[in-house]
Amino acid sequence: MSNLEIIKSNYEEHTKLFENLASDVEWQEMEGFPYGGTYHGPQELVDGVFSKIDKDWENFQAVAETFLESGENVVTLGHYSGVFKKTGKLMKAVFAHVYTLRDGKIVKFRQFADSSLFAQAMS
């Protein structure tokens, strides 16, 4: 499976993401983003990001619309959407995700998104 196919599978079936992570993955959520920071390994990622998203948001989605591949890197462009449970406000924000893969596993992730749109929905 190519790097591009691996990343596409993450968005088509979200459970695939954890199958595709390296055990020492470095996952960077933007500073200023609600779950901003750098996480090392799948468990830190679950604890610091995904479990919080599940707790805080209804119908949260990350929809990739464009995929660009260059060697070991894959860039996705798309949008997030969801309703923040505490306020009932809908959020929709564009993102760029940059993945680095080695031997069929994601070793690094960097997120770029408009964190102010998240803040508006959360306040």
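As shown above, the structure is provided for reference.
First, a word on scope: everything that follows refers to the structure included in this document. (Residues numbered from 1 in each chain as written. Predicted model: local features only at pLDDT ≥ 70, side-chain atom pairs only at ≥ 80, totals over all residues. Heavy atoms only, no water.)

### Observations concerning the sheet that holds strand β3 (residues 57–70)
In any sheet, the strands associate via hydrogen bonds between backbone groups, in a parallel or an antiparallel arrangement. How we decide: When DSSP finds at least two bridges between two strands, those strands are taken to pair. Here a strand is any run of E in DSSP of at least two residues, a helix any run of H or I of at least four, and the numbering for each starts at the N terminus. Fitted lines through C-alpha atoms serve as axes, helices being fitted only where they are in contact, and the angles separating the N-to-C directions of these axes extend from 0 to 180 degrees. Should any heavy atoms of two residues lie within 4.5 Å, those residues are considered in contact.
Spatial strand order, β2-β1-β6-β5-β4-β3: six strands in an open sheet with mixed pairing. In this open sheet, the two edge strands, each paired with only one partner strand, are β2 (37–40) and β3. Across this sheet, the average inter-strand angle for adjacent strands is 20 degrees, counted without regard to direction. With 12 bridges connecting them, strand β4 (residues 73–84) and strand β5 (residues 89–102) associate as antiparallel partners. What sits directly across from Val-74, in β5, is Tyr-99. Along the sheet, helix α3 (residues 41–56) contacts β1 (21–29), β2, β3 and β4; its crossing angle with β1, the most-contacted strand, is approximately 50 degrees.

### Remarks on the pattern of salt bridges
Note the cut-off: Put simply, a salt bridge is a Lys or Arg side-chain nitrogen that is within 4 Å of an Asp or Glu carboxyl oxygen. Only protein chains enter the accessibility calculation, which uses a 1.4 Å probe. A residue is then buried if its area is under 20% of the maximum for its type, exposed if over 50%, and partly exposed in between.
Scanning the model with the defined rule gives four salt bridges in all. In this structure, the salt-bridge partner of Lys-16 is Glu-19, at a minimum N-O distance of 3.7 Å. Taken as a pair, Lys-16 and Glu-19 lie in helix α2 (residues 16–19) at a separation of three residues, close to a single helical turn. Residue classification places Lys-16 among the partly exposed positions, given a relative accessible area of 28%. Between Arg-102 and Glu-72 there is a salt bridge whose closest N-O contact spans 3.3 Å.

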